[in-house]
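So you can see what is in the structure, the chains are spelled out below.
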Amino acid sequence: MPRKEILDQIQKYTQPFRITNGKRFQLKDFDPRDTRGLKMDKSDAAELLQRGTEWLADEQDRLYAQDRWSLLLIFQAMDAAGKDSTIKHVMSGVNPQGCQVFSFKQPSQ
């Protein structure tokens, strides 16, 4: 599928989460349960994950080549909620040399 078609299809899911003004961004303004109405069974999800992983690897190459933009992913959930597994699956096609991972703990008093 051509890149433009893929971008048009995922726009519904990504646009509401794009941060264009970091000074006004507050994580609490986003509902972590929001799925943007996406519902599918496991086989459809597995196929979508595979296609998305391939696309993400291609996009990483494009981001690296233009050396201007970055992508920030935030995974917020309770302990044992599956953050590590989600990161493992979603980022499985990405070159780890082009990534930085930071873990944030509960703030101290």
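What you see is a predicted model; the values in this text were computed from it and never measured. (Residues numbered from 1 in each chain as written. Predicted model: local features only at pLDDT ≥ 70, side-chain atom pairs only at ≥ 80, totals over all residues. Heavy atoms only, no water.)

A. The arrangement of the overall build of the protein in detail. Across its full length, the protein holds 3 helices and 0 strands. Counting from the amino terminus, the protein carries its helices and strands in the arrangement α-α-α. Overall size of the protein, expressed as C-alpha extent along the three principal axes, is 50 × 35 × 25 Å. Of all 109 residues assigned to the protein, the portion counted as buried reaches 6%. For the protein, the proportion of contacts with a sequence separation of at least 24, taken over those separated by at least 6, is 53%. For the protein, the accessible area works out to roughly 10,300 Å², and carbon and sulfur atoms hold 53% of it. Taken together, the 17 basic and 15 acidic charged side chains of the protein have centroids lying 7 Å from each other. (Helix = DSSP H or I, 4+ residues; strand = E, 2+ residues; numbered from the N terminus. Buried < 20%, exposed > 50% of the residue type's maximum accessible area, 1.4 Å probe, protein only. Contact = heavy atoms within 4.5 Å. Areas by Shrake-Rupley, 256 points an atom, 1.4 Å probe, with all protein chains shown as cover. Lys, Arg positive; Asp, Glu negative; His and termini not counted. Charge placed at Lys NZ, Arg CZ, Asp CG, Glu CD.)

B. A look at the confidence of the model for the protein. Across the protein, the average pLDDT comes to 83, with 98% of residues at or above 70. Highest mean pLDDT in the protein belongs to helix α2 (residues 42–66) (86); lowest belongs to helix α1 (residues 3–14) (80). (pLDDT = per-residue confidence, 0-100.)

C. A look at the environment of Lys 12. By secondary structure assignment, the location of Lys 12 is in helix α1. For the pair Lys 12 and Gly 37, spaced 25 residues apart in the sequence, the C-alpha separation amounts to 9.8 Å.

D. Examining unusual backbone geometry more closely. Residues other than glycine seldom take positive phi values, yet Arg 36 does so here, at roughly 60°. Along the chain, the position of Arg 36 falls in the loop between α1 and α2. Phi angles above zero are rare outside glycine, and Asp 67 is one such case at about 50°. Relative to the helices and strands, Asp 67 resides in the loop between α2 and α3 (83–90). For Asp 67, a relative accessible area of 71% corresponds to the exposed category.

E. Representation of the side chain of Gln 60 in the model. Within the secondary structure, Gln 60 sits in helix α2. Assessed through its relative accessible area of 16%, Gln 60 is described here as buried.

F. Just the packing of aromatic side chains, in detail. All told, the structure shown has 2 aromatic pairs when counted by the stated rule. Ring geometry for Phe 17 against Phe 30: centres 5.9 Å apart, planes inclined by 40°, an arrangement best described as tilted. With Phe 17 in the loop between α1 and α2 and Phe 30 in the loop between α1 and α2, this pair connects stretches of sequence that are 13 residues apart. Taking the centre distance of 5.7 Å and the plane angle of 35° together, the rings of Phe 25 and Phe 30 count as tilted. Accessibility expressed as a relative area gives 26% for Phe 30, which makes it partly exposed. Following the ring pairs from residue to residue traces out a cluster consisting of Phe 17, Phe 25 and Phe 30. (Phe/Tyr/Trp six-rings, centres within 6.5 Å; stacked < 30°, edge-to-face > 60°.)

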